[in-house]
Amino acid sequence: MSRLHQRAIVIGAGMGGLSSAGALSPYFEEIIVLDRDTLPSSAASRAGTPQDRHPHGLLAGGLQALNALLPGFERALADAGAVPINGFREIQFERPDVGPLPRRDCGTTILSASRPLIEAVLRQRVAALANVTLQSDCRVTELVADGGRPSARFVSGDGAVSTIEADLVIDASGRGALTLALLDKLGLPRPAETAVGVDISYTTALLPWPAGESRDWELAATHADPPALTTAAILMPTGEGRCLVTLSEHHASTRPQTWDEMLAALRRVKTQTIYNAVRHLPPLEGLRHFVLDESCWRHFERLERLPDGVLPIADSLCRFNPIYGQGMTVAALQAKLLRDSLGRLAGEADPIAALQRQFMTEVGPLLLAPWGMGVNADFAYPGTRGERPERYDESRQFEAALFRAVVADPVVQTAFSDVIQLVKPFELLQSPDIQRRIEAHAQPPADRIQASAG
Ligand SMILES: Cc1cc2nc3c(=O)[nH]c(=O)nc-3n(C[C@H](O)[C@H](O)[C@H](O)COP(=O)(O)OP(=O)(O)OC[C@H]3O[C@@H](n4cnc5c(N)ncnc54)[C@H](O)[C@@H]3O)c2cc1C
């Protein structure tokens, strides 16, 4: 097949970069993916993704998107040892307001695995594409776009400096720093940023999978109960008889340093489900910590002009609070949008400029729902910094009614499951049928009894 464009460069072989390479493959003769790390040949943690020792839930929407971009990805991830988990039948999802959500089969299955395993399977699928080259040990230092084709300058492991030109440069380096520096150099304005200060701290332990007849779930998540209780916990399997247990805390002042301190902290979350599952288990390595101060949306989509041929994607564009498990899935959905946009360029006089325009027009709506769901939940914590979303109180009331309805009504639970798994759009929860079902639970049960008695 003859392809439309000559060469694309992708900076970063993380989730956004790899899935973008999959999206570009049908449309470019050659795709070069540059990463500063030595990319491992198997599932291994690496310096360029320090978050990878912490749990990484790939939502059903992300799994579907990656499978659409790289057919066979889902099968390969399952074959590599990821654990299939039915939502919500096998998920213990504990809320402070309504307790554990009913364990109904809502028709979605996720694959639970460590971040290095998910990335390794994706990397293998991408490396198998004939027109994609993954280049390790190449740290991109600068982007150049001075009217001609854009290029990336990079330093290889041996210290050699090279420059490659391309039709398109995707900045999937995680921070957008290269694109921002290029805007500065060109004298173009930087994008406005919406930042929400969450100071989310993670403490994670790798454990053997807790065997036990009394446990009837495969994944457990115990929510915090803000404003008073700001810690939450999650336990998820990573395959090979192991699991990760994480304690997360908004605006933490201290964090556990030893396994005993971690157990004590797990005991203080809203329920003792996870504590009871792990308290007799020996950690397989030392505790790992991570702190993320803010989620940040750099509004490249609002810029009048992007540098010619340069497109920031995934965390470079929008970094989410990780506790909602959205980042990898949204990266994969953006890559899918990239592929769809490439498919609509026929007849464009300047196809790359049209691609930038189309992608940026549609990426805002794509980011809005996952961003909004996370930020609304973040503002329940008193220390959260930033601008409260519009109609915040209304959306909190909606959320309270939603969870009461989720418990009472299987139809609402399935819709909720599809929305938080980013399989279906948020508007599903506002469709007339679901809205009517949620409104039936607008008041807490005691108020409903009083209202009907009065
Ligand atoms: C603690 C934590 C937990 C998380 N949990 C989840 C979760 O449960 N579910 C979920 O979906 N998401 C989660 N995320 C978010 C997820 O990690 C990111 O959203 C996702 O990795 C974004 O992909 P990316 O490609 O933009 O960045 P990354 O995957 O971070 O990749 C960036 C890549 O760019 C490379 N790079 C950087 N600079 C250069 C350069 N100058 N030259 C060459 N290469 C460069 C890096 O080496 C790296 O490989 C979590 C994040 C954190 C911090």
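Residues numbered from 1 in each chain as written. Predicted model: local features only at pLDDT ≥ 70, side-chain atom pairs only at ≥ 80, totals over all residues. Heavy atoms only, no water.

## Here's the deal with the packing of helix α1 (residues 15-24) against helix α4 (residues 115-127)
Then step 1. It is the contact of α1 with α4, at a shortest axis distance of 10 Å, that shows an interaxial angle of 25 degrees. Taken together, α1 and α4 sit at an angle that is classed as roughly parallel. Between α1 and α4 lies a crossing of left-handed hand. Along the contact surface, α1 presents Met 15, Leu 18, Ser 19 and Ala 21, while α4 presents Arg 115, Ile 118, Glu 119, Leu 122, Arg 123 and Val 126.
Then step 2. Classifying every residue of the contact of α1 with α4 by side-chain character gives six nonpolar, one polar and three charged. (Axes fitted to C-alpha atoms, helices over the stretch in contact; angles between N-to-C directions. Helix = DSSP H or I, 4+ residues; strand = E, 2+ residues; numbered from the N terminus. Parallel < 35°, antiparallel > 145°, perpendicular 65-115°, else oblique. Left-handed = near helix turned anticlockwise from the far one by under 90°. Contact = heavy atoms within 4.5 Å. Nonpolar A, V, L, I, M, F, W, Y, C, P; charged D, E, K, R; others polar.)

## Observations concerning the sheet that holds strand β11 (residues 168-171)
Hydrogen bonding along the main chain pairs the strands of a sheet, whether they run parallel or antiparallel.
Then step 1. Here we have five strands laid out as an open sheet, ordered β7-β2-β1-β11-β17, and parallel in their pairing. Edge positions in the sheet fall to β7 (132-135) and β17 (310-312), since each of these pairs with one other strand and no more. Across the sheet, the axes of successive neighbouring strands diverge by a mean angle of 15 degrees, strand direction being ignored.
Then step 2. Both strand β2 (residues 28-34) and β7 contribute to a ladder of four bridges, which runs parallel. Looking at β7, one finds that Val 33 is bridged to Leu 134.
Then step 3. Running over the sheet, helix α9 (residues 351-378) touches β1 (5-11), β2, β11 and β17 and is turned about 20 degrees from β17. (Pairing = 2+ DSSP bridges.)

## Description of the site of the ligand
Then step 1. Within the structure, the ligand sits among 33 residues, and Gly 16, Asp 35, Gly 57, Arg 115 and Met 328 are positioned closest to it.
Then step 2. The contact in question runs from an oxygen atom of the ligand to an N or O atom on the side chain of Asp 315, over 2.8 Å.
Then step 3. One of the backbone nitrogen or oxygen atoms of Met 328 is found 2.7 Å away from an oxygen atom of the ligand.
Then step 4. Its free accessible area being 990 Å², the ligand has 94% of it covered by the protein chains.
Then step 5. Looking at the shell around the ligand, the elements that each hand over two or more residues are α1, β8 (138-144) and α8 (327-342).
Then step 6. Classifying every residue of the shell around the ligand gives 13 nonpolar, 14 polar and six charged. (Near = heavy atom within 4 Å. Polar contact = N/O pair within 3.5 Å; in protein donor to acceptor, adjacent residues only side chain to side chain. Areas by Shrake-Rupley, 256 points an atom, 1.4 Å probe, with all protein chains shown as cover.)

## Overview of the sheet that holds strand β12 (residues 193-208)
Then step 1. Ordered by their spatial adjacency, eight strands build an open sheet running β5-β4-β13-β14-β15-β12-β16-β18, and the pairing between neighbours is mixed. Taken across any chain shown, the strands that pair with only one partner, and hence form the sheet edges, are β5 (99-100) and β18 (318-319).
Then step 2. Running over the sheet, α9 touches β12, β15 (242-250), β16 (288-298) and β18 and is turned about 125 degrees from β16.

## Observations concerning the side chain of Ser 20
Then step 1. Within the element layout of this structure, Ser 20 appears in helix α1.
Then step 2. Beyond its immediate stretch of four places on either side in the chain, Ser 20 contacts Ile 170, Ile 313, Ala 335 and Leu 338.

## Focus on the pattern of salt bridges
Then step 1. Counted according to the given criterion, the structure contains 28 salt bridges.
Then step 2. Put simply, Arg 149 and Asp 167 hold a salt bridge, and the shortest N to O gap is 3.0 Å. Taken together, the residues Arg 149 in the loop between β8 and β9 (151-156) and Asp 167 in the loop between β10 (161-165) and β11 connect sequence positions 18 residues apart.
Then step 3. Salt-bridge contacts for Asp 308 lead to Arg 305; the nearest nitrogen and oxygen are separated by 3.6 Å.
Then step 4. Accessibility expressed as a relative area gives 44% for Arg 305, which makes it partly exposed.
Then step 5. Among the charged side chains, a salt-bridge network with shared partners connects Asp 35, Asp 37, Arg 46, Arg 115, Glu 119 and Arg 123. (Salt bridge = Lys/Arg side-chain N within 4 Å of Asp/Glu carboxyl O. Buried < 20%, exposed > 50% of the residue type's maximum accessible area, 1.4 Å probe, protein only.)

## Details of the domain arrangement of the protein
Then step 1. One can read the domain layout of the protein as domain 1 (5-56 + 114-192 + 299-375), domain 2 (195-293) and domain 3 (392-453).
Then step 2. Inter-centroid distance (C-alpha atoms) of domain 1 to domain 3 is 37 Å.
Then step 3. Together domain 1 and domain 3 conceal approximately 430 Å² of surface at their shared face, both sides included; 87% is due to carbon and sulfur atoms.
Then step 4. Here domain 1 and domain 3 share zero salt bridges between them.
Then step 5. At the junction of domain 1 with domain 3, the criterion picks out zero residue pairs in polar contact (both at pLDDT 80 or more). (Domains from an automatic or database assignment. Buried area = accessible area lost by both parts, 1.4 Å probe.)

## Details of the environment of Glu 30
Then step 1. With respect to the helices, strands and loops of the structure, Glu 30 is situated in strand β2.
Then step 2. Exposure remark for Glu 30: the relative accessible area of 29% places this residue in the partly exposed category.
Then step 3. Sequence separation between Glu 30 and Ala 166 is 136 residues; the distance between their C-alpha atoms is 9.4 Å.
Then step 4. Sequence-distant contacts of Glu 30, that is, excluding residues within four places in its chain, are made with Gln 6, Arg 7, Ala 8 and Asn 131.
Then step 5. Separated by 2.9 Å, the side chains of Glu 30 and Arg 7 make a polar contact.

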